[in-house]
Amino acid sequence: MSNFQDNLFDKIQQKSDVNPDEIYKVANSVKNADFSDEKTVRDLVRRLSRVANKPISKAKEDQIVKSITSSNMPVDMQSLNKMFKK
């Protein structure tokens, strides 16, 4: 891993207390994921919630899963941020 990547993951861990190894595991698990499959997406949302230690409500989980599986996921950061803060 490059020095830049090391520094980036160190900063992520300091600010969020998320282990870089967990980020790699999640990233590797979604490389060939079928994002139109509700079960796959729901499992990913739950896993990310656990990794980030940020519980989400069933309603929020449903909203995120529906947005991803129906291909209505916003592409810009402002829209994504707004969606997750609702």
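A. A look at the overall build of the chain. Secondary structure summary: the chain contains 5 helices and 0 strands in total. For the chain, the proportion of its 86 residues judged to be buried stands at 19%. Working note: accessible area of the chain is about 6,600 Å², and carbon and sulfur atoms make up 52% of it.

B. Quick peek at helix α4 (residues 58-69). Its 12 residues give α4 an end-to-end C-alpha distance of 16 Å, which sits within 8% of 16 Å, the value for a rise of 1.5 Å per residue. Listed in full, the buried residues belonging to α4 are Lys60, Glu61, Ile64, Val65 and Ser67. Mapping the buried residues of α4 onto a view down its axis gives an arc of 165°, with all of them on the same face. Set apart from the buried face of α4 by more than 90 degrees, the exposed residues are Lys58, Ala59 and Lys66. In the segment just after α4, serine 71 is the residue with positive phi, at about 60°.

C. Structural view of the side chain of glutamate 61. Summarising the element assignment, glutamate 61 is placed in helix α4. Side chain to side chain, glutamate 61 and arginine 42 meet in a polar contact 2.7 Å long. Discounting residues that sit within four places of it in the chain, glutamate 61 has contacts with Arg42, Val45, Arg46 and Ile56.

D. Main features of the pattern of salt bridges. As enumerated under the stated definition, the model contains 6 salt bridges in all. One salt bridge connects aspartate 62 with arginine 42, and the closest N-O pair in it is separated by 2.8 Å. Of the two residues, aspartate 62 sits in helix α4 while arginine 42 sits in helix α3 (residues 38-52), which places them 20 residues apart along the sequence. Accessibility expressed as a relative area gives 30% for aspartate 62, which makes it partly exposed.

The rules behind each value
Residues numbered from 1 in each chain as written. Predicted model: local features only at pLDDT ≥ 70, side-chain atom pairs only at ≥ 80, totals over all residues. Heavy atoms only, no water. Helix = DSSP H or I, 4+ residues; strand = E, 2+ residues; numbered from the N terminus. Buried < 20%, exposed > 50% of the residue type's maximum accessible area, 1.4 Å probe, protein only. Areas by Shrake-Rupley, 256 points an atom, 1.4 Å probe, with all protein chains shown as cover. Expected span 1.5 Å × (residues − 1). Arc of directions from axis to C-beta. Polar contact = N/O pair within 3.5 Å; in protein donor to acceptor, adjacent residues only side chain to side chain. Contact = heavy atoms within 4.5 Å. Salt bridge = Lys/Arg side-chain N within 4 Å of Asp/Glu carboxyl O.

Interpretation note: all reported values are geometric properties and have no functional meaning in isolation.
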